[in-house]
Amino acid sequence: MPETPDQREANKRAAQQVIDVWAGDDLDALDDVVAEDVVADMAYPDQVRGRDAYKEALDAYRSAFPDLTSEVNGVVTEDDAVVVHYTARGTHEGELMGIEPTGVSVEVSGVVLYRFEDGTIVEVTNIGDLFGLMQQLGVVESPAEELPTATGLNEQAIKQFQETLHGQLILPVDSEYDDARTVYNAMIDKYPRLIVQCADVADVIAAVNFGREHDLETAIRGGGHNGPGLALVDDGLVIDLSEMTGVRVDPDAQTVRVEPGCTWGDVDHATHAFGLATPSGIISTTGVSGLTLGGGHGYLTRKYGLTIDNLVSADVVLADGRLVRASEDENPDLFWALRGGGGNFGVVTSFEYQLHPVDTVVAGPMFWPIDQLEPTIRWYREWLPQAPEDVYAFYLTAEVPGEPFPEEIHGEKVCGLMWCYLGPEEQAEAAMQPARDVAEPLFEHIDPMPYPALQSMFDDLYPPGDQWYWKGDFVYELTDDAIAEHQRFAEVPTPKSTMHLYPIDGAVHQVDTDETAWGTRDATWSMVIVGVDPDPAKSEEITEWAQDYWEAVHPHSAAGSYVNFMMEEGEDRIRATYGDNYERLQKVKAKYDPDNFFHVNQNIEPAE
């Protein structure tokens with residue numbers, strides 16, 4: 001995101017100029033907004049640097065197709081980028097790539113991405129159907145013939161790769177492409193060169209080897225919930241694990257083995273049949289892989305710890321293509337790093353978790369009017385650390401949405417608690433009564449329910465396709481100054497925007513800081529501030545609200561955050577998150593991924 005309002009406005013003007021130029025089909029009019037040091041990845045040649053080289057590349061196409069015209073099929077804009085989906089038409093009347101004029105009229109579709117800094121175009125990525133162009137010119141007849149492409153690949157290599165897969169390989173020209181590049185956060189709009197929807201571990205190994213051998217920027221996609229969109233990458237390879245959804249429960253050992261494309265809803269469905277569960281977030285559509293590798297916390301955390309505290313083993317495809325097992329007994333350094341270190345060390349193809357007896361819980365929301373924030377949050381900060389571990393309640397600020405809540409409170413600004421009680425059902429009322437005593441609730445709906453029903457309670461409120469921006473922090477204590485800032489930002493800007501304080505005490509504190517990569521074992525809460533709305537026109541408003549709110553409370557919080565609540569925030573923030581564990585993580589990274597192949601993530605660079 002641009003850092004200042006002036007930069008944002010300059011980028012908006014440049015973006016509008018790009019859109020206007022494409023509408024008028026006169027790319028020469030972009031000359032004054034192309035940066036001197038622009039980097040352009042073209043369908044041909046591979047990459048050029050500098051404004052003059054970029055113009056020469058464009059001129060080569062114009063010379064080859066003097067009557068070249070372009071039709072805009074769609075435009076997507078972000079604060080610092082524009083993506084144009086186009087169809088180009090022209091007659092081949094000049095030399096191109098060593099091909100003499102053929103006089104053939106051609107039609108080619110593609111996408112071009114422009115990125116801006118300070119109102120100038122600093123990056124251009126053009127993903128065109130070069131093979132289709134060559135076919136129309138009669139140069140090739142089958143994909144086996146070699147062609148230059150944006151990544152230095154050739155069609156033969158792509159075809160051979162495709163033939164090794166059990167899953168599907170999706171290219172920009174395929175009808176499935178738009179669906180395959182769509183993730184949970186609709187703010188993310190990236191255009192990969194190749195998407196591999198892996199069917200099994202062999203596909204994952206093949207994809208890792210292919211990405212490494214062809215020097216492709218490579219992203220790993222599990223459930224696709226990652227806020228900053230690190231499940232995708234522009235003009236690179238996406239290893240999509242979403243088709244790998246096997247779950248196997250061992251009720252005797254009280255463990256479950258889970259493939260990486262599963263959501264927590266898949267896992268809950270399988271384990272609940274045996275009255276078992278493991279800590280796993282608060283939205284059932286969340287992917288298993290990302291939540292686990294980032295640490296994982298949820299309704300069961302005070303009683304049973306983080307998700308990583310319940311990880312027994314993992315199968316991992318490394319950057320060199322080897323498949324290894326990580327556990328306390330096998331590759332223990334890798335196992336240590338996987339537990340909170342994110343996707344830095346390989347592609348996990350199987351997770352094994354410890355399960356716990358969890359069947360019916362007493363759970364649901366309790367809301368107070370927003371003017372009760374100060375007394376209720378002051379009570380909460382004193383009460384929670386002393387509460388039994390069977391009691392879980394995260395604090396929130398929100399706006400009451402529509403159904404299923406009563407009509408008379410729709411649109412009310414509220415603060416409140418989301419409860420989950422794991423103890424004897426008859427003792428639940430006594431455990432929750434102190435919250436009612438501090439202030440009279442505006443609304444509550446707390447009942448016994450199956451654990452999966454609690455896990456999926458927010459699913460309908462937060463379906464895929466909303467605009468999301470979030471910021472997080474670990475919180476040791478809720479100081480008076482912090483509470484004053486929470487009160488200042490308590491009225492959320494849109495019905496889906498919210499602030500949550502998730503408890504990470506109890507069982508989390510029983511694990512030493514150096515036992516896993518998760519380095520903050522003494523914080524009380526993991527805070528997240530989320531701006532959410534289905535309307536793209538609200539994206540700037542919700543982003544600014546979340547950023548401003550975070551900047552106000554951050555001085556009263558820890559330096560680091562739960563990595564799954566971070567956008568792309570830079571190395572200093574990642575170092576602060578891992579604290580004393582960061583250098584150890586770098587050493588593990590140097591051992592298992594010395595070339596930093598897995599870097600499209602909250603990246604930990606290998607030690608030198």
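This one's a predicted model, so the numbers in the text were calculated from it and none came from an experiment.

Draft legend 1. Layout of the overall build of the protein. A tally of regular secondary structure across the protein gives 17 helices and 25 strands. Against the 2.2 N^0.38 benchmark of 25 Å for 608 residues, the protein shows a C-alpha radius of gyration of 26 Å, consistent with a compact globule. Expressed as lengths along the three principal axes of its C-alpha atoms, the size of the protein is roughly 85 × 50 × 45 Å. Per-residue burial for the protein yields a buried fraction of 58% across its 608 residues. Within the protein, residue pairs in contact and separated by at least 24 positions form 69% of the contacts whose partners lie at least 6 positions apart. Accessible surface, the protein: about 24100 Å² in total, of which carbon and sulfur atoms supply 45%. Averaging the positions of the 37 positive and the 110 negative side-chain charges in the protein gives two centres separated by 4 Å.

Draft legend 2. Just helix α12 (residues 428-438), in detail. Every buried residue of α12 is accounted for by Ala428, Ala431, Met432, Ala435 and Arg436. Looking straight down α12, one finds that the buried residues subtend no more than 145° of arc, so they occupy a single side. In α12, the exposed positions angled more than 90 degrees off the buried face are occupied by Ala430 and Asp437. In this structure, the buried side of α12 is in contact with β18 (360-369), α11 (373-383), β19 (391-399), β20 (413-421) and β21 (443-444).

Draft legend 3. Just the pairing of strand β4 (residues 81-91), in detail. In terms of burial, β4 is a largely internal element, nine of the 11 residues being buried. By the bridge criterion, 11 bridges tie β4 to strand β5 (residues 105-117) in an arrangement that is antiparallel. Within the sheet, the bridge partner assigned to Thr91 lies in β5 and is Ser105.

Draft legend 4. Representation of the packing of aromatic side chains. Tallied over the full model, the rule gives 27 aromatic pairs. Ring centres of Tyr184 and Trp468 lie 5.5 Å apart, and the angle between their planes is 40°; on these two criteria the pair is classed as tilted. Placement of the pair is Tyr184 in the loop between α5 (177-180) and β8 (194-197) and Trp468 in strand β23 (residues 467-475), with a sequence separation of 284 residues. The pair Tyr184 / Trp468 is uniform in exposure class, with both members buried. Between Phe351 and Tyr353, the ring centres sit 5.9 Å apart and the planes meet at 10°, which makes this aromatic pair stacked. Note on accessibility: Phe351 and Tyr353 belong to one class, buried. Here the aromatic residues Tyr184, Tyr299, Tyr392, Phe394, Tyr462, Trp468, Trp470, Phe474, Tyr502, Trp518, Tyr562 and Phe565 are joined through ring pairs into a cluster of three or more. Across the ring face of Trp336, the terminal group of Arg584 is positioned such that the distance to the ring centre comes to 3.8 Å.

Draft legend 5. View of empty space enclosed by the protein. Throughout the structure, instances matching the rule amount to five cavities of 30 Å³ or more. Size it by volume and the second largest cavity reaches roughly 50 Å³. Forming the boundary of the second largest cavity are Gly294, Gly340, Phe474, Ala517, Trp518, Gly519, Thr520, Ser561, Tyr562, Val563, Thr577 and Tyr578.

Draft legend 6. The arrangement of the confidence of the model for the protein in detail. When pLDDT is averaged along the protein, the result is 91, and 94% of the positions lie at 70 or above. Within the model, pLDDT remains below 50 along residues 142-152, and this stretch shows 38 contacts once partners closer than five positions in the same chain are excluded.

Draft legend 7. Focus on the packing of helix α14 (residues 480-488) against helix α15 (residues 539-553). Here α14 crosses α15 at 165°, and the two axes come no closer than 9 Å. Classed by the angle they form, the pair α14 and α15 counts as roughly antiparallel. Considering only the axes of α14 and α15, their crossing is right-handed. Where α14 approaches α15, its residues Ala482, Glu485, His486 and Arg488 are matched on the opposing element by Tyr549, Ala552 and Val553.

Draft legend 8. Fine view of the environment of Pro441. Along the chain, the position of Pro441 falls in the loop between α12 and β21. Distance from Pro441 to Ala219, taken between C-alpha atoms, is 46 Å for residues 222 residues apart in sequence. Filtering out sequence-adjacent residues up to four positions away, Pro441 remains in contact with Met366, Phe367, Trp368 and Arg436.

Draft legend 9. Broad picture of the pattern of salt bridges. All told, the structure shown has 32 salt bridges when counted by the stated rule. The salt bridge partner of Asp309 is Arg521, with a shortest N-O separation of 2.8 Å. Of this pair, Asp309 sits in the loop between α9 (301-304) and β14 (311-317) while Arg521 sits in the loop between β24 (498-503) and β25 (525-533), and the two are 212 residues apart along the sequence. Given the relative accessible area of 26%, Asp309 is considered partly exposed. Of the residues examined, Arg521 reaches a relative accessible area of 4% and is grouped as buried. Residue Arg325 is joined to Asp315 by a salt bridge in which the shortest nitrogen-to-oxygen separation is 2.3 Å. Here the residue Arg325 occupies a position in strand β15 (residues 323-327), and Asp315 occupies one in strand β14, the gap between them amounting to 10 residues. A residue is classified by how much of its surface remains accessible, and Arg325, at 30% relative accessible area, is partly exposed. Take Asp315: its relative accessible area is 14%, and that puts it in the buried class.

Each value, and the rule that gives it
Residue indices follow the written sequence of each chain, beginning from 1 at its first position. Residue-level local features of this predicted model are given only where pLDDT is at least 70; pairs of side-chain atoms are given and counted only at 80 or more, and the full residue set underlies all totals for whole chains, interfaces and linings. No hydrogens and no water enter the side-chain calculation; it runs on all heavy atoms of the structure. Helix and strand assignments come from DSSP, with helices taken as H or I runs of at least 4 residues and strands as E runs of at least 2, each series counted from the N terminus. Radius of gyration: C-alpha atoms only; globule rule: 2.2 Å multiplied by the number of residues to the exponent 0.38. Relative accessible area decides the class of each residue, using a 1.4 Å probe on protein chains only: under 20% of the type maximum gives buried, over 50% gives exposed, and in between gives partly exposed. We call two residues in contact when some of their heavy atoms are within 4.5 Å. Here the accessible surface of atoms and residues is derived via Shrake-Rupley with a 1.4 Å probe, and residues count as covered only by protein chains that are part of the display. His residues and chain termini do not enter the charge count, which takes Lys and Arg as positive and Asp and Glu as negative. Charge positions come from single atoms, namely NZ of Lys, CZ of Arg, CG of Asp or CD of Glu. The directions from the helix axis to the C-beta atoms form the arc being described. Each pair of strands is called paired provided DSSP finds at least two bridges between the two strands. Stacked, tilted and edge-to-face are the three classes assigned to paired rings of Phe, Tyr and Trp, where Trp is represented by its six-membered ring and a pair needs centres within 6.5 Å; plane angles under 30 degrees give stacked, over 60 edge-to-face, the rest tilted. Remark: a charge is flagged as sitting over a ring if the NZ atom of Lys or the CZ atom of Arg is within 6 Å of the ring centre and within 35 degrees of the ring normal. Think of a 1 Å grid over the protein atoms and nothing else: a 1.4 Å probe that fits but is trapped marks a cavity, an open set flanked by protein within 12 Å on at least five of seven lines marks a pocket, and residues with an atom within 4 Å of a point count as lining. Grid points are joined across faces, edges and corners, and a volume is the space filled by probe spheres set on the points. On a range of 0 to 100, pLDDT expresses the predictor's confidence in each residue. Axes here mean lines fitted to C-alpha atoms, for a helix over just the part in contact, with angles spanning 0 to 180 degrees between N-to-C directions. Each angle gets one of four labels, with under 35 degrees taken as roughly parallel, over 145 as roughly antiparallel, 65 to 115 as roughly perpendicular, and the rest as oblique. Whether a crossing is left-handed or right-handed is set by the direction in which the near helix is turned from the far one by less than a right angle, anticlockwise for left-handed and clockwise for right-handed. What counts as a salt bridge is simple: a side-chain nitrogen of Lys or Arg found within 4 Å of a carboxyl oxygen of Asp or Glu.

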